[in-house]
Amino acid sequence: MRIRFALAATAAAGTLAVVIAAPAQATEYSSALKIKGVQYDAPGRDSNNCATGNSKSEYLTIKNYSRTAKVNLKGYVVKDATGNRFTFPSNHYLEPGDYVKLRGGHGTDSDARNVVYRQNCNFIWNNDKDTIYLYKPSGAHADTHAYTKSRDDGDGNGYITFHG
């Protein structure tokens, strides 16, 4: 009733008012680190064989969106919908605007090459749909994204971008 009265009063005053219902916004967490994107479906036929498989080709890109703060990844946790998790065990610093690729498989972590390996050859992301959670060392949410292949991967390349 109040909206009708306000519109009538506005129209009577000679001004056109347009009322638009805004869509609900996704929760935005207060964190410099955000999930930039995910290669959820590694190219080729999935094989988690440590010697010959392609789990290294599945990765999550995490970016420091701060303009001034350097962030240490040690203690940050990445999880999927079923509870598979990875905790960054060592110091790995991201300068403002810098990113890291968290890859499956075994390898040597490198600040210079912006890569951390999960040291596990099992795939973490589902090829049809999943939810990615990023938690701060304190346990607070840093970022969360759900995806489905049919809705979010229009070009079918197995990579989805969340934050540009």
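Described in the following lines is the structure provided in the data block. (Residues numbered from 1 in each chain as written. Predicted model: local features only at pLDDT ≥ 70, side-chain atom pairs only at ≥ 80, totals over all residues. Heavy atoms only, no water.)

Quick word on the sheet that holds strand S9 (residues 129-135)
Stage number 1. Strands sit in the order S5-S4-S9-S10 across an open sheet of four strands; the sheet is antiparallel. Across the chains shown, the open sheet's two edge strands, defined by having one partner strand only, are strand S5 (85-87) and strand S10 (141-148). Across the sheet, the mean angle from the axis of one strand to that of its neighbour is 10°, orientation sign disregarded.
Stage number 2. The sheet contact formed by S9 and S10 spans seven bridges and is antiparallel. Bridge pairing links Tyr133 to Thr144 in S10. (Pairing = 2+ DSSP bridges. Helix = DSSP H or I, 4+ residues; strand = E, 2+ residues; numbered from the N terminus. Axes fitted to C-alpha atoms, helices over the stretch in contact; angles between N-to-C directions.)

Some details on the state of the cysteines
Stage number 1. By the definition in use, this model includes one disulfide.
Stage number 2. Covalently, Cys50 is tied to Cys121 through a disulfide, its sulfur atoms 2.1 Å apart. Here the S-S torsion is close to 120°, and the disulfide linking Cys50 with Cys121 is therefore right-handed. Remark: Cys121 occurs in the loop between strand S8 (115-117) and S9 and Cys50 occurs in the loop between strand S1 (33-39) and strand S2 (59-64); sequence separation between them is 71 residues. (Disulfide = S-S within 2.5 Å.)

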